[in-house]
Amino acid sequence: FPTLFQHTDWDNGSNPESALKRVWISKGINVKRTDRVMFTVATQFDTTRWRKAKGDVPGVPGLLKKYHDEYDQTQRNCPGVFEGRESGEEQ
């Protein structure tokens, strides 16, 4: 393991995010949460073990929103990024 992760208890059944948080706390690293500015996308041909993408991303033909809540949060935090975008129009 990289030095940052040495001497970490990996046997407690935690997820990677929880383990990373414990490492940061133990190293005195202060991390602040930021507003969401990204969302997960897929094409109709992508495979998944979790949730199938549906709902077009405005202005990006063939790209689908995977998690609508992520998209909605992104739109609140970055208003107008995809609103009114025509196919092929660059921002």
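Residues numbered from 1 in each chain as written. Predicted model: local features only at pLDDT ≥ 70, side-chain atom pairs only at ≥ 80, totals over all residues. Heavy atoms only, no water.

Focus: empty space enclosed by the protein
- For the structure on display, the rule yields one cavity of 30 Å³ or more.
- Quantified by volume, the largest cavity comes out at close to 50 Å³.
- What lines the largest cavity is A42, T43, D46, T47, T48, R51, K52, A53 and K66.
- Considered class by class, the residues forming the lining of the largest cavity number two nonpolar, three polar and four charged. (1 Å grid on protein atoms, 1.4 Å probe; cavity = no way out; pocket = protein on both sides within 12 Å on 5 of 7 lines; lining within 4 Å. Points joined across faces, edges and corners; volume = space filled by probe spheres on them. Nonpolar A, V, L, I, M, F, W, Y, C, P; charged D, E, K, R; others polar.)

Some remarks on the layout of surface pockets
- The space that makes up the largest pocket amounts to roughly 190 Å³.
- In terms of lining residues, the largest pocket is bounded by K32, R33, T34, D35, R36, V37, M38 and Q73.
- Here the residues of the lining of the largest pocket sort into two nonpolar, two polar and four charged.

Description of the pattern of salt bridges
- Enumeration over the complete set of coordinates arrives at one salt bridge.
- The partner of R36 in a salt bridge is E70, with the nearest N and O atoms 3.8 Å apart. Here E70 lies in helix 2 (residues 68-77) and R36 lies in the loop between helix 1 (16-26) and strand 1 (41-42), a separation of 34 residues in the sequence. (Salt bridge = Lys/Arg side-chain N within 4 Å of Asp/Glu carboxyl O. Helix = DSSP H or I, 4+ residues; strand = E, 2+ residues; numbered from the N terminus.)

A word on the side chain of K65
- With respect to the helices and strands, K65 occurs in strand 2 (residues 64-65).
- Despite its burial, K65 remains without a salt bridge, the nearest opposite charge being carried by D72 at 5.8 Å.
- Contact partners of K65, with chain neighbours within four places excluded, come to T40, A53, K54, G55, D56, V57 and Y71. (Buried < 20%, exposed > 50% of the residue type's maximum accessible area, 1.4 Å probe, protein only. Lys, Arg positive; Asp, Glu negative; His and termini not counted. Contact = heavy atoms within 4.5 Å.)

Some words on the packing of aromatic side chains
- Counted according to the given criterion, the structure contains one aromatic pair.
- With centroids separated by 4.9 Å and ring planes inclined at 90°, the aromatic side chains of F39 and Y71 adopt a geometry described as edge-to-face. Here F39, found in the loop between helix 1 and strand 1, pairs with Y71, found in helix 2; they are 32 residues apart in sequence, far enough to count as distant. For the pair formed by F39 and Y71, the shared burial category is buried.
- Sitting over the face of the ring of Y71, K65 holds its NZ or CZ atom 4.1 Å from the ring centroid. (Phe/Tyr/Trp six-rings, centres within 6.5 Å; stacked < 30°, edge-to-face > 60°. Lys NZ or Arg CZ within 6 Å of the ring centre and 35° of its normal.)

Quick look at the confidence of the model for the chain
- Residues at a pLDDT of 70 or more form 76% of the chain, whose mean pLDDT is 80.
- When the criterion is pLDDT under 50, residues 86-91 qualifies, and its contacts beyond four places in sequence or with other chains add up to nine contacts. (pLDDT = per-residue confidence, 0-100.)

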